[in-house]
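# Topology and contacts: notes
The residues making up each chain are set out below.
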Amino acid sequence: MSQIKKIGVLTSGGDTPGMNAAIRAIVKAGIHYNIEVAGIFKGYYGLINKTMKPLDGAAVYNIIHRGGTILKSARCQEFIKPEGRKKAYEHMKAEGIDALVVIGGDGTLTGARLLGKEHGVPIMGLPGTIDNDLYGTDYTIGYDTAVNTVVAAVDKIRDTAHSHDRLFVVEVMGRDAGFIALRSGIATGAEKILIPEAKTYIEDLYETLEKGSSHDEGAGIIIVAEGDKFGGALEVEKKIKSRFPDFDVRVTILGHIQRGGAPSAFDRVLASGLGFQAVKALVDGRKGMMVGSINRQIVFTPFEQTIKYNRPINVELHSIAEILAL
Ligand code: F6P
């Protein structure tokens, strides 16, 4: 018989499409296991400042398809300090919250690890970031939608690239990781994909541009991950212009459009499954772990490991993309 009577749920860090589907699944799992669920607003800030409210079936009705997060999100500086976490713990206790499910990226899981370690709180984490850079899961919640958003945008940009013989440098998100860039680059047939995990030398880039596309003179798409060593799309544009002054180069920085919008079916299903499993794990006595999905199996990875290790990118796929772009 589970000791847990009330679970708190929060979303922290950058919002992602699919967070609402996860919140819904957590509330429904709570109903299934006869556990109350409290929604904590604005991530760890809400724990420190006691902004929370009970969530029932009605509260999560009609949200599975909505982007963003009904609980709002924030990056909380106060929670980084031990005093902030102590305050959060005291407020949790005062509200009768026995356990937490946190949804977010690396920073969110780091905070969860410390709160769990310092105050013995049972916490399960869900991988919620568009960046797909968390060790312990094949896919993070929101990544698939973000990639599809990039693909839809780049397809449109390619129409203009082709019509005007222009070269577009498109910058995509991912913080220090190139997952969004690699996948969307392959899906859009980009002429070059620049990611931090695979060093591209400036000469390689020039060589690609010199050869040009055999089918479309002067036109093309270069996808740049924001964390790439070249320094983002504007820097890449500068370098290209200095070598090829006659090229008609344009920059598009896709920005936060990548974080918004309705979650894809994939993200809804992933978030629903992981959300349920997080609550079940707490009922089963697990804690201090992220719930992920690897080879379509549920996998629990201790926070220490998700934080310590980087999820490796498929560099072979990057090499294949180079060949396919010729
Ligand atoms: O981690 C998600 C992410 O969207 C990154 O890809 C990006 O670097 C960062 O968050 C942007 O953060 P903010 O919305 O705080 O500017």
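Residues numbered from 1 in each chain as written. Predicted model: local features only at pLDDT ≥ 70, side-chain atom pairs only at ≥ 80, totals over all residues. Heavy atoms only, no water.

### Considerations on the environment of Gly111
Structurally, Gly111 is set in helix α4 (residues 106-119). For Gly111, a relative accessible area of 8% gives the class buried. Beyond its immediate chain neighbours, meaning those up to four positions away, Gly111 contacts Tyr44, Phe79 and Arg85. (Helix = DSSP H or I, 4+ residues; strand = E, 2+ residues; numbered from the N terminus. Buried < 20%, exposed > 50% of the residue type's maximum accessible area, 1.4 Å probe, protein only. Contact = heavy atoms within 4.5 Å.)

### Overview of the domain arrangement of the protein
We note that the domain assignment places domain 1 (6-142 + 263-308) and domain 2 (146-259) within the protein. Taking the mean C-alpha position of each, domain 1 and domain 2 sit 34 Å from one another. Across the boundary between the two partners, domain 1 contributes 12 residues, which contact 11 residues of domain 2. Between domain 1 and domain 2 the total buried area reaches about 900 Å² when both faces are included, carbon and sulfur atoms providing 48% of it. Per-residue buried area on domain 1 facing domain 2 is highest for Asp15, Ile130 and Asp131; these three make up 50% of the total on that side. Close ionic contact of Asp15 with Arg259 constitutes a salt bridge, the shortest N to O distance being 2.8 Å. Linking domain 1 with domain 2 are 2 residue pairs in polar contact (both at pLDDT 80 or more). Looking at side-chain class alone, the side of domain 1 that touches domain 2 contains 3 nonpolar, 5 polar and 4 charged residues. (Domains from an automatic or database assignment. Buried area = accessible area lost by both parts, 1.4 Å probe. Salt bridge = Lys/Arg side-chain N within 4 Å of Asp/Glu carboxyl O. Polar contact = N/O pair within 3.5 Å; in protein donor to acceptor, adjacent residues only side chain to side chain. Nonpolar A, V, L, I, M, F, W, Y, C, P; charged D, E, K, R; others polar.)

### Section: the sheet that holds strand β2 (residues 36-40)
Across the sheet, 7 strands lie side by side as β3-β2-β1-β4-β5-β10-β11; this open sheet has mixed pairing. At either end of the open sheet lies a strand with only one pairing partner, and these are β3 (52-55) and β11 (297-302). On average, adjacent strands in this sheet sit at an angle of 30° to one another, irrespective of strand direction. In this structure, strand β1 (residues 6-11) lies alongside β2, joined through 4 bridges in parallel fashion. (Pairing = 2+ DSSP bridges. Axes fitted to C-alpha atoms, helices over the stretch in contact; angles between N-to-C directions.)

### What to know about the pairing of β11
Direction of pairing for strand β10 (residues 289-294) relative to β11: antiparallel, over a ladder of 6 bridges. In the strand pairing of β11, Met289 is matched with Pro302. If you look at the hairpin formed by β10 and β11, you'll find 2 residues sitting between the two strands, and Asn295 has a positive phi there, around 50°.

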